[in-house]
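Given next are the chains, with one letter for each unit.
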Amino acid sequence: MVLQNSRSDVKNKANYNNGNLMKNYKSLNELIPLGVVMPWLRNKFIGKLSGFERRRLEATSQANAFIKDIIDKKLGSRSSETSLEPALIDRILDLVRNGDLSYDDVMGEFSNIIFAASDTTSVTVNNVLSLLAMFPKVQDKVFEELAEVFPSVGGSELSHGDVEKLVYLDQVLQETLRLIPAVPLLIRQTSQEIRLSNGFQIPEGVTLMIDIFHTHQNTDVWGPKAGEFNPDNFLAVNKRNRHPYGYLPFSKGKKTCLGYKLSLISVKLALAKILRNYKLSTSFLYQDLEFVDNTTIKLAKQPKLKIERRT
Ligand code: HEM
């Protein structure tokens, strides 16, 4: 019940409804990697002259105002202790009320989480649907599995247990994240000089990019057909001996994605609902896909999908 209240808090905001919020997140998505590949844009003078700083500040402050509004409203209401099913945000705000967390830390973390969760999940759902439209045999197999778990069409309720039964859909999702990783590169800065296992020395203060996109197509790891769409890459037997860093759509180690389990479940829920009830097709060819690197990956041309209701 509380979750629904939190959801309506968001849906009733003007800048959510008029698309401004998404526009600001989209701007940040473009500006962040731009500031990394062109670090001079982050220089005070050049940033001001080029308009980069103005755009960055505008997008950040509008996105933050949206979050601040929700936090302030919630802080002004009762603590979560009186609620039967407090949402995570209510529990966190109790820590602010008790002085265990600072207001600014919570603002920063919420801002990160919303930014990290919004585009990644939606582009992934979009990419799976586009690939399935291009590969009808794979889509048929996904549908057979879904029809077995949900025998009747329509708006069946899905439980976590149902999602766990969708083994082939999981393979399709993993394969999509391999070929079109929502986050195509990771950006790091060395805080001290480091020496790699091959002897290569990297000085302190260097910006590094870890290229997830090309790691996922490395033929040493994925074989000569690394560029092909093949959900069987994620059969247990094929995963067993693979290099642990050959697949990292959610990053690895200490900075691994905080929402990775939630996102796998929510993407599968969305896909199950759509694919159980609709058949997708397209004349767009897989080999014509072109990718645009950004904080989240973009398709240069979005395949047009034909959608037919299943009976
Ligand atoms: C398909 C969906 C998603 C993908 C592919 C994805 C991928 C990633 C990747 C690669 C990182 C590491 C970024 C870096 O270190 O530079 C990351 C970080 C993060 N993700 Fe996700 N993510 C997804 C969905 C979500 C969702 C739904 C949430 C929250 C509900 C979320 C929350 C976060 C947070 C908070 C971080 C930062 C963790 C930290 O810095 O310690 N992500 N994600």
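Quick notes on the rules
Residues numbered from 1 in each chain as written. Predicted model: local features only at pLDDT ≥ 70, side-chain atom pairs only at ≥ 80, totals over all residues. Heavy atoms only, no water. Helix = DSSP H or I, 4+ residues; strand = E, 2+ residues; numbered from the N terminus. Expected span 1.5 Å × (residues − 1). Buried < 20%, exposed > 50% of the residue type's maximum accessible area, 1.4 Å probe, protein only. Arc of directions from axis to C-beta. Contact = heavy atoms within 4.5 Å. Domains from an automatic or database assignment. Buried area = accessible area lost by both parts, 1.4 Å probe. Salt bridge = Lys/Arg side-chain N within 4 Å of Asp/Glu carboxyl O. Nonpolar A, V, L, I, M, F, W, Y, C, P; charged D, E, K, R; others polar. Donors = N, O, S within 2.8 Å, 3.2 Å for Na, K, Ca; no water. Near = heavy atom within 4 Å. Polar contact = N/O pair within 3.5 Å; in protein donor to acceptor, adjacent residues only side chain to side chain. Core = buried A, V, L, I, M, F, W, Y, C linked by side-chain atoms within 4.5 Å. Patch = residues over 30% accessible without salt bridge, like charges linked within 9 Å, V, L, I, M, F, W, Y side chains within 5 Å. Areas by Shrake-Rupley, 256 points an atom, 1.4 Å probe, with all protein chains shown as cover. Axes fitted to C-alpha atoms, helices over the stretch in contact; angles between N-to-C directions. Left-handed = near helix turned anticlockwise from the far one by under 90°. Phe/Tyr/Trp six-rings, centres within 6.5 Å; stacked < 30°, edge-to-face > 60°. Lys NZ or Arg CZ within 6 Å of the ring centre and 35° of its normal.

Asker: Would you take a moment to explain helix H8 (residues 136-149) for this structure?
Answerer: It helps to recall that an α-helix has 3.6 residues per turn; residues three or four apart then point in one direction. An ideal rise of 1.5 Å per residue puts 20 Å on 14 residues; H8 measures up with 20 Å between its terminal C-alpha atoms. Taken together, the buried positions of H8 are Val138, Gln139, Val142, Glu145 and Leu146. All buried residues of H8 lie within an arc of 125° about the axis, which places them on one face of the element. Exposed residues pointing more than 90 degrees away from the buried face of H8 are listed as Lys137, Glu144 and Glu148. As for H8, its buried residues are in contact with helix H7 (103-134), helix H9 (160-165), helix H10 (167-179), helix H14 (260-277) and strand S5 (278-281).

Asker: Before we go on, may I ask you to explain the domain arrangement of the chain in this structure?
Answerer: Interfaces are frequently sized by the accessible area removed from exposure as the parts join. For the chain, the assigned domains are domain 1 (1-101) and domain 2 (119-311). Placing the centre of domain 1 and that of domain 2 at their C-alpha centroids yields a distance of 27 Å. The interface is formed by seven residues belonging to domain 1 together with seven residues belonging to domain 2. The contact between domain 1 and domain 2 buries some 570 Å² in all, and 62% of this surface belongs to carbon and sulfur atoms. Considering only the surface of domain 1 that becomes buried against domain 2, Asn29, Pro33 and Val36 emerge as the three largest contributors, covering 71% of it. Put simply, domain 1 and domain 2 have zero salt bridges between them. Split into classes, the residues belonging to the side of domain 1 that touches domain 2 amount to five nonpolar, one polar and one charged.

Asker: So what exactly am I meant to see when it comes to the coordination of the iron atom of the ligand here?
Answerer: Ideal coordination angles are 109.5 degrees for a metal with four donors arranged tetrahedrally and 90 or 180 degrees for a metal with six donors arranged octahedrally. Here the protein supplies the iron atom of the ligand with just one donor, Cys257 (SG), and that contact is 2.3 Å long. Tracing the backbone through its elements, the reader meets cysteine 257 in the loop between helix H13 (236-239) and H14.

Asker: Any chance you could explain the site of the ligand here in plain terms?
Answerer: In the vicinity of the ligand there are 20 residues, among which Arg188, Pro249, Phe250, Lys255 and Cys257 approach most closely. The side chain of arginine 188 places a nitrogen or oxygen atom 2.8 Å from an oxygen atom of the ligand. Taking lysine 255, its side chain carries an N or O atom lying 2.9 Å from an oxygen atom of the ligand. Those elements giving two or more residues to the shell around the ligand turn out to be H7, strand S1 (185-189) and H14. Of the residues forming the shell around the ligand, the biggest block, six residues, is contributed by H7. Among the residues making up the shell around the ligand, the classes are represented as eleven nonpolar, seven polar and two charged.

Asker: How do you make sense of unusual backbone geometry when you look at a structure like this?
Answerer: For serine 251, which is not glycine, the phi dihedral falls at a positive 65°. By the element assignment, serine 251 lies in the loop between H13 and H14.

Asker: Would you mind showing me how to read the nonpolar core here?
Answerer: One broad trend across soluble globular proteins is that nonpolar side chains are buried collectively. If you look at the biggest cluster of nonpolar residues, it comprises 38 residues, and the most contacted ones within it are Val142, Val172, Leu271, Leu275 and Leu289. Counting residues per element, this core draws most heavily on H7, at seven residues. Once residues within four sequence positions are removed from consideration, leucine 271 is found in contact with Val125, Val128, Leu129, Leu169 and Arg276.

Asker: Looking at this structure, I do not really get a nonpolar patch on the surface. What am I missing?
Answerer: Residues Leu34, Val37, Met38, Trp40, Phe45, Ile46, Leu49 and Met209 make up a contiguous nonpolar surface patch of roughly 780 Å² in combined accessible area. At the level of secondary structure, the elements contributing two or more residues to the nonpolar patch comprise helix H3 (20-37) and helix H4 (44-50). Ranked by the residues each element gives to the nonpolar patch, the list is headed by H4, at three residues.

Asker: What am I meant to see in the packing of H10 against H14 here?
Answerer: Two numbers describe a pair of packed helices, the interaxial angle and the distance between the axes. Relative to each other, H10 and H14 sit at 115°, their axes nearing to 11 Å. H14 is crossed by H10, and the crossing has right-handed handedness. For the pair H10 and H14, contact is made by Leu169, Asp170, Leu173, Gln174 and Leu177 and by Leu264, Val267, Lys268, Leu271, Ala272 and Leu275, respectively. Its residues placed into classes, the contact of H10 with H14 shows eight nonpolar, one polar and two charged.

Asker: Please explain the side chain of threonine 124 as it appears in this structure.
Answerer: Looking at where threonine 124 falls in the secondary structure, it is placed in helix H7. Excluding its chain neighbours within four sequence positions, the residues that come into contact with threonine 124 are Leu173, Leu177, Ala182 and Val267.

Asker: Help me out: how do you make sense of the environment of lysine 73 in this one?
Answerer: By the element assignment, lysine 73 lies in helix H5 (residues 52-75). Taking the C-alpha atoms as reference, lysine 73 lies 21 Å from methionine 22; in sequence the two are 51 residues apart.

Asker: Would you mind going over the packing of aromatic side chains with me for this structure?
Answerer: Aromatic ring pairs: the centre-centre distance and the angle between the two ring planes describe each pair. A complete count under the given rule lists seven aromatic pairs for this structure. Aromatic side chains phenylalanine 234 and tyrosine 247 sit 4.8 Å apart centroid to centroid with 55° between the ring planes, which places their arrangement in the tilted category. Of this pair, phenylalanine 234 sits in the loop between helix H12 (219-222) and H13 while tyrosine 247 sits in the loop between H13 and H14, and the two are 13 residues apart along the sequence. Across the pair, tyrosine 247 and phenylalanine 234 agree in class, each one buried. Joined through ring pairs, the aromatic side chains of Phe135, Phe229 and Tyr286 make up one cluster. Over the aromatic face of tryptophan 222 sits the side chain of arginine 178, whose NZ or CZ is 4.7 Å from the ring centroid.

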